[in-house]
Every structure is written in structure tokens, then in C-alpha cells.
Amino acid sequence: MIILGVDPGTTATGYGIITKNRVHSTHLASGVIKTSPQLSMSRRLWEIHQRLETVIVEHAPQVMVVESLFHFKNTQSLMKLCQVRGVILLLGERHSMEIHEYAPMEIKKGITGYGAADKAQVMFMVGKVLGLTDLKSPDRADALAMALYHSHVSIPERVGP
């Protein structure tokens, strides 16, 4: 099974792709799609769409995992994030992926054991589990954390041949 985790953002959208077979998770690809704040919102959405679609076509994930929305104080930021999420969810449907959403605290607790874990703790645990030493981007680490979390909670362990 190939799982794509996506951490939506207007200036930085992280993505992480893992494979899960039986009990092992393996890193396939990950990165950050950056867009310039100087671009119009419609142009930024287009760039996120195009670049994420290239990743999807290249790796053909069957499952997409996206963080569910959480409380925002800034309505303007929330609206922009919703637009990015819409593009991402549309891509998932367009490529016939099974789509799952989890709350950020649920993912953090599942990956680190602590629901209020900070970015550094998430990066450390994702790096440990996947054997990555170069996780410098929290957006990339969060996307991989989503994929890992889903692989642990949704794919039952298989016993026997």
C-alpha cells in the first residue's frame, strides 16, 4: 500500500509518501511545495495543484491523508487554508484515492505519544521510524507523520501467510 500524507499550507505544502507492507513502513518520497506570497491566491492554488499532481502521478498512492481543520483565530488564514485543502482533496478524488482526515493532536499522540508534541519532537520520531536524518522541514515531517499514523491505525497486522 502506498500512502500520501499532505500538510496543507498557502506558502508551504508538505507531502510525504510511504509504503506499508505488513509491519514495515518505508519512505518513498517527501518534500515541500513552496509558493510565493507575492503571487495571487489563484496562482498559488494552481502551482500547488500542478506540483502535487506530478508527485501523485509519479508515485500512484492509493491513500491520501490530510489533517482535519482545527480552531483558527484568523478567519482570513482559515479561508486560504480551506482553499488549499479543497485543491488537495479534489486531487485525491480525481486520482481515485481513499481519503482520510485526522486531527493534529491525534497524529502527534500516535507518533510521539504526546498530543501536544512540538514540531521538533514530531520530526525526531518520524526520522527515527523511517531512518531519515535530513528532516529539516516541519511541513515535510508533518506530512510523513500523517502517512505513518494512518499506516499504523488503519492497516491491520496480518498473521500467517
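To start, this report covers the structure provided alongside it. (Residues numbered from 1 in each chain as written. Predicted model: local features only at pLDDT ≥ 70, side-chain atom pairs only at ≥ 80, totals over all residues. Heavy atoms only, no water.)

## Things to note about the pattern of salt bridges
Okay, so step 1: This structure, assessed with the given rule, holds 6 salt bridges.
Okay, so step 2: Of the charged contacts in the structure, one is a salt bridge between Glu-47 and Arg-51, with a shortest N-O distance of 4.0 Å. Highlighted residues: Glu-47 and Arg-51, both in helix α1 (residues 41–59), separated by 4 residues, approximately one helical turn.
Okay, so step 3: The partly exposed category is assigned to Arg-51, whose relative accessible area is 35%.
Okay, so step 4: Lys-119 is the partner of Asp-142 in a salt bridge, and the nearest nitrogen-oxygen pair spans 2.6 Å. In this pair, Asp-142 is assigned in helix α5 (residues 138–154) and Lys-119 in helix α4 (residues 119–130), connecting sequence segments 23 residues apart.
Okay, so step 5: One connected set of salt bridges, linked through shared partners, spans Arg-43, Glu-47 and Arg-51. (Salt bridge = Lys/Arg side-chain N within 4 Å of Asp/Glu carboxyl O. Helix = DSSP H or I, 4+ residues; strand = E, 2+ residues; numbered from the N terminus. Buried < 20%, exposed > 50% of the residue type's maximum accessible area, 1.4 Å probe, protein only.)

## A word on the sheet that holds strand β5 (residues 98–102)
Okay, so step 1: Spatial ordering of the open sheet is given by β3-β2-β1-β4-β5, a layout of 5 strands whose pairing is mixed. This sheet does not close on itself; its edge strands, each paired only once, are β3 (24–34) and β5. Pairwise comparison of adjacent strand axes, ignoring direction, gives a mean angle of 20° for this sheet.
Okay, so step 2: Relative to β5, strand β4 (residues 63–67) is paired through 5 bridges, and the arrangement is parallel. Within β5, the position partnered with Val-66 by the bridge is Glu-101.
Okay, so step 3: On the sheet, α1 packs against β1 (2–7), β2 (12–21), β3 and β4 and is oriented at approximately 155° with respect to β3. (Pairing = 2+ DSSP bridges. Axes fitted to C-alpha atoms, helices over the stretch in contact; angles between N-to-C directions. Contact = heavy atoms within 4.5 Å.)

## Describing the nonpolar core
Okay, so step 1: Grouped together as the largest cluster of nonpolar side chains are 21 residues, with contacts concentrated most on Ile-18, Ile-107, Ile-111, Val-126, Leu-130 and Leu-144.
Okay, so step 2: Breaking this core down by element, the ones donating at least two residues are β4, α3 (104–112), α4 and α5.
Okay, so step 3: Here this core gets 7 residues from one element, more than from any other, and that element is α5.
Okay, so step 4: Look past the residues within four positions of Ile-107 in its chain and what remains in contact with it is Glu-67, Tyr-102, Ala-145, Met-146 and Tyr-149.
Okay, so step 5: Formed by 20 residues, the second largest nonpolar core is a distinct cluster that contains Ala-29, Leu-45, Val-55 and Met-64. (Core = buried A, V, L, I, M, F, W, Y, C linked by side-chain atoms within 4.5 Å.)

## Quick notes on the packing of α1 against helix α2 (residues 75–94)
Okay, so step 1: Contact pair α1 / α2: the axes reach a minimum separation of 10 Å and the direction vectors enclose 30°. Of the possible angle classes, the one that applies to α1 and α2 is roughly parallel. For α1 against α2, the interelement crossing comes out right-handed. Along the contact surface, α1 presents Met-41, Leu-45, Ile-48, His-49, Leu-52, Glu-53 and Ile-56, while α2 presents Lys-80, Gln-83, Val-84, Val-87, Ile-88, Leu-91 and Arg-94.
Okay, so step 2: The class makeup of the residues in the contact of α1 with α2 is 9 nonpolar, 2 polar and 3 charged. (Parallel < 35°, antiparallel > 145°, perpendicular 65-115°, else oblique. Left-handed = near helix turned anticlockwise from the far one by under 90°. Nonpolar A, V, L, I, M, F, W, Y, C, P; charged D, E, K, R; others polar.)

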